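So the chains spell out like this:
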Amino acid sequence: MNVLSVSSATAFPASSGRRRRPPPSRVPPTPPTSSPPFLSVVSAVKTAEKTLEPQTKTDPATTTAAGMSTSPRKVADDHQNTTRPPTIAPPPRPKPASLRPRRPPSIMASVCNDLEELIHNFIDPPALRPSVDPRHVLSNNFAPVDELPPTSCPVVRGAIPRCLAGGAYIRNGPNPQHLPRGPHHLFDGDGMLHSLLLPASGDGTEPAILCSRYVRTYKYLLERNAAAPVFPNVFSGFHGFAGLARGAVAAARVFTGQINLTEGWGLANTSLVFFGDRLYALGESDLPYAVRVSPEDGEILTLGRCDFDGRLFMGMTAHPKKDPSTGELFAFRYGPIPPFLTYFRFDAEGNKAGPDVPIFSVQQPSFLHDFAVTERYAIFPDLQIVMKPMDMVLGGGAPVGSDNGKVPRIGVLPRYATSEAEMRWFEVPGFNPVHVVNAWEEDGDLVLVAPNVLSVEHALERMELVHSSMEMVRIDVEGSGAVSRTPLSAANLDFGVIHPGYVGRRNRYAYLGVGDPQPKISGVVKLDFDSAGDGDCVVARRHFGRGCFGGEPVFVPKREREDEEEDEGYLVSYVHDEVRGQSRFVVMDAQSPELDIVAEVLLPRRVPYGFHGLFVSKEDLRSQRPS
């Protein structure tokens, strides 16, 4: 189990589940070493595991961080090709990080560390901004946890349905490796995957296996070896003069070789996608990281950072769309320099296909987190949440904020376009969807369903004040271009999902989390789009109970008959009981009026609240590429 460094300035709450240790000496990172290239399609981090994880072999070529290559350089587990029984003993407890020998810091690393301490303690102390104070942000079930090796979990209620048997529910989310020394936003945490491998045989009551592992990003490995944070926190650290100062320190680390940005800079903490027989952990500020979940024992391996034969640059959205008929994947990237938006796609085999399509008609960098595809179009919402670096320089503000003078709009592009020549924009005042549920074509219209963020000024900094209401937007793309909007529910709803076989097609049902407040989810509701225009479209709901909160629901179809109804299936999610301090995995019947719980797995420890997840079937788990 990993032992994380804890600053002496602040401590994790008692409920965090972490062991308290004397603070280690602050040792800055050493310059990354170069490594020879490897041959394949993935640009990988060199995953040296050393003695932090005795179940993992050491890569002798690695000392600090990742070397850029073209292969999915993975760390092979000793048990990788063996089958384990359901009950798995934890590995021997490693020596505390503070007791292991480390390289002495360079002079420049020591200078950078001291400058950061000065900024954190005297220029921008977190206590002055409670919304980014780690003592507040990382409290209760938002507090990080250590890694967990594959561990048996009993089914304590009902039985796991057959369509889930042998598959894995995997949830991604932020879990900072080290307690931040300065401001911290929830989005700034290192990505950790919590995977529950469900029993493949028997009557559905055999134990499941929970495994929690960090995604071995370049940032994670660099900071693990440094025993302290090295990268600045993007969402909380760049604010006013202090943000400029932190940026200068980060630049000094880059110029002196402490950070090598060619190896990556992201967190891989947002979501996952499975396509081309490979599972990826995603964070939109960086390239995808290929990971693998063992279908035998549930162990999670990071294979590497993927550039798809050098054809993928900078980053990729955490919400790509997979066409259920063709198997193609459609995606985009956005950023603070032109072109602010670029669209691209992959074929069903997982290869990047066609040219990148830069969208120069986006003239201001926006926070474009999600999009939609239909059978013929790709749809991009251009929001009032924008990047404003000059506000930080001149006005003491944050580099990302809201622009109330901007009119939101929706861009429609043919999904196989090779340029933006056919891009059309439609103004939709007041429509700011951070997430999209689905879109389709119907009678010459384009229909988009999404939760609309009403309090856009709080969308990033004060998420507990955010309220999102569901809307259906209809655009006459083949005629006048008229736009109409229909409210579907006034409740605070987000993190919506549908039957994956209906992505880009006309569908009837959606399932969303109830914010109480966001990002805590107190329950799940089911919406019926056929009721649009007749009032509230909620037709079923499940409240998790007093003090109980879950996350984004994931819909898993039964797939028992060819003529199944759209809602024949189950909703799955992790749920945490803050009163008892227990976490569980719940399976809900999506057709029942109260979304009845039909199975429940008691987890061996709490799973922190996170972001997005997915279910990978037994067949897909077994089809994963070994490297």
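Residues numbered from 1 in each chain as written. Predicted model: local features only at pLDDT ≥ 70, side-chain atom pairs only at ≥ 80, totals over all residues. Heavy atoms only, no water.

Quick look at the overall build of the protein chain
Part 1: From N to C terminus, the protein chain includes seven helices and 33 strands.
Part 2: By residue count, 62% of the 627 residues in the protein chain fall in the buried class. (Helix = DSSP H or I, 4+ residues; strand = E, 2+ residues; numbered from the N terminus. Buried < 20%, exposed > 50% of the residue type's maximum accessible area, 1.4 Å probe, protein only.)

Considering the sheet that holds strand E12 (residues 341-346)
Part 1: The four strands are arranged E10-E11-E12-E13 in an open sheet whose pairing can be described as antiparallel. What marks the edges here is a single partner per strand, and that holds for strand E10 (321-322) and strand E13 (352-358).
Part 2: As judged from the two bridges shared by E10 and strand E11 (residues 329-334), these two strands associate in the antiparallel manner. Residue pairing across strands places Lys321 opposite Phe330, the latter belonging to E11. (Pairing = 2+ DSSP bridges.)

Observations concerning the packing of aromatic side chains
Part 1: Going through the model one piece at a time under the given rule, you end up with 23 aromatic pairs.
Part 2: Aromatic side chains Phe142 and Tyr609 sit 5.0 Å apart centroid to centroid with 65° between the ring planes, which places their arrangement in the edge-to-face category. Taken together, the residues span a long stretch of sequence, with Phe142 in the loop between helix H2 (134-137) and strand E1 (148-153) and Tyr609 in the loop between strand E32 (597-602) and strand E33 (613-616) at a distance of 467 residues.
Part 3: Look at Tyr574 and Phe585: their rings are 6.2 Å apart centre to centre, the planes differ by 65°, and that puts the pair in the edge-to-face class. Here the residue Tyr574 occupies a position in strand E30 (residues 569-577), and Phe585 occupies one in strand E31 (residues 582-589), the gap between them amounting to 11 residues. Grouping residues by exposure puts Tyr574 and Phe585 together as buried.
Part 4: A connected cluster of aromatic rings, assembled from ring pairs, spans Phe275, Tyr280, Phe308, Phe344 and Phe346.
Part 5: A cation sits over an aromatic face here: Arg305 above Trp265, 5.4 Å from the ring centre. (Phe/Tyr/Trp six-rings, centres within 6.5 Å; stacked < 30°, edge-to-face > 60°. Lys NZ or Arg CZ within 6 Å of the ring centre and 35° of its normal.)

Here we look at the layout of surface pockets
Part 1: Reported here for the second largest pocket is a volume of approximately 1300 Å³.
Part 2: Forming the walls of the second largest pocket are 48 residues, and the residues nearest its centre are Ile498, Pro500, Val503, Leu614 and Phe615.
Part 3: Secondary structure elements with two or more residues in the lining of the second largest pocket: strand E6 (271-275), E10, strand E14 (372-373), strand E24 (493-497), strand E29 (554-557), E33 and helix H7 (618-623).
Part 4: Tallied by class, the residues present in the lining of the second largest pocket amount to 27 nonpolar, 10 polar and 11 charged. (1 Å grid on protein atoms, 1.4 Å probe; cavity = no way out; pocket = protein on both sides within 12 Å on 5 of 7 lines; lining within 4 Å. Points joined across faces, edges and corners; volume = space filled by probe spheres on them. Nonpolar A, V, L, I, M, F, W, Y, C, P; charged D, E, K, R; others polar.)

With respect to the side chain of Arg181
Part 1: Turning to its location among the elements, Arg181 is positioned in the loop between strand E3 (168-174) and strand E4 (191-197).
Part 2: A distance of 3.2 Å separates a polar atom in the side chain of Arg181 from the backbone oxygen of Pro229. (Polar contact = N/O pair within 3.5 Å; in protein donor to acceptor, adjacent residues only side chain to side chain.)

Considerations on helix H5 (residues 240-255)
Part 1: A rise of 1.5 Å per residue sets the reference length of H5, with its 16 residues, at 22 Å; its end C-alpha atoms lie 23 Å apart and thus fit the reference within 8%.
Part 2: Residues of H5 that are buried: Gly240, Ala242, Gly243, Ala245, Arg246, Val249, Ala250 and Arg253.
Part 3: Immediately beyond the C-terminal end of H5, within one or two residues, lies Gly257, with a positive phi of roughly 85°. (Expected span 1.5 Å × (residues − 1).)

Some words on unusual backbone geometry
For residues other than glycine, phi is negative in most cases, and the peptide bonds are mostly trans.
Part 1: Residue Pro517 is bonded to the preceding Asp516 through a cis peptide linkage, with omega at -15°.
Part 2: Position of Pro517 relative to the elements: it lies in the loop between strand E25 (509-515) and strand E26 (521-528).
Part 3: For the bond from Gln518 to Pro519, the omega torsion is 5°, close enough to zero to count as cis.
Part 4: Here Asp309, not a glycine, exhibits a phi torsion of approximately 60°, which is positive.
Part 5: Looking at the secondary structure, you find Asp309 in the loop between strand E9 (300-305) and E10.
Part 6: Unlike most non-glycine residues, Arg559 shows phi in positive territory, near 55°.

Things to note about the confidence of the model for the protein chain
Part 1: The pLDDT averaged across the protein chain works out to 85; a share of 82% of its residues lies at or above 70.
Part 2: Segment residues 1-100: pLDDT under 50, and 267 contacts once partners within four positions in sequence are set aside and those in other chains are kept. (pLDDT = per-residue confidence, 0-100. Contact = heavy atoms within 4.5 Å.)

Thoughts on the pairing of E31
Part 1: Among the eight residues of E31, six are classified as buried, and the element is accordingly described as predominantly covered.
Part 2: Alignment of E30 against E31, held across eight bridges, turns out to be antiparallel. For Val572, the partnering residue across the bridge sits in E31 and is Val587.
Part 3: Pairing of E31 with E32, which is carried by five bridges, proceeds in the antiparallel orientation.

Section: the pattern of salt bridges
Part 1: As enumerated under the stated definition, the model contains 41 salt bridges in all.
Part 2: Among the ionic pairs, Arg213 bridges to Glu147, the shortest N-O distance being 3.5 Å. In this pair, Arg213 is assigned in strand E5 (residues 208-214) and Glu147 in the loop between H2 and E1, connecting sequence segments 66 residues apart. In this structure, Arg213 and Glu147 share a single accessibility class: buried.
Part 3: We note a salt bridge from Lys352 to Asp356, for which the minimum N-O separation is 2.4 Å.
Part 4: A relative accessible area of 8% means that Lys352 is categorised as buried.
Part 5: Salt bridges linked by common partners bring Glu442, Asp445, Arg474, Arg506, Arg508, Asp528 and Asp530 together as one network. (Salt bridge = Lys/Arg side-chain N within 4 Å of Asp/Glu carboxyl O.)

Structural notes on a nonpolar patch on the surface
Part 1: Taken together, the side chains of Ile107, Met108, Val111, Leu115, Leu118, Phe122, Ile123, Phe241 and Leu244 present a nonpolar region at the surface, about 890 Å² in accessible area.
Part 2: Sorting the residues of the nonpolar patch by element identifies helix H1 (107-123) and H5 as the ones contributing at least two each.
Part 3: No other element matches the seven residues that H1 contributes to the nonpolar patch.
Part 4: You can see Phe122 is positioned in helix H1.
Part 5: Look at Phe122 and you get exposed, because its relative accessible area is 66%. (Patch = residues over 30% accessible without salt bridge, like charges linked within 9 Å, V, L, I, M, F, W, Y side chains within 5 Å. Areas by Shrake-Rupley, 256 points an atom, 1.4 Å probe, with all protein chains shown as cover.)

A closer look at the side chain of Asp494
Part 1: Position of Asp494 relative to the elements: it lies in strand E24.
Part 2: The buried charged residue Asp494 lacks any salt bridge, with Lys321 as its nearest oppositely charged partner at 11 Å.
Part 3: Engagement of the side chain of Asp494 in a polar contact is seen with the side chain of His435, the distance being 3.0 Å.
Part 4: Look past the residues within four positions of Asp494 in its chain and what remains in contact with it is His435, Pro451, Ser468, Leu512, Gly513 and Gln518. (Lys, Arg positive; Asp, Glu negative; His and termini not counted.)

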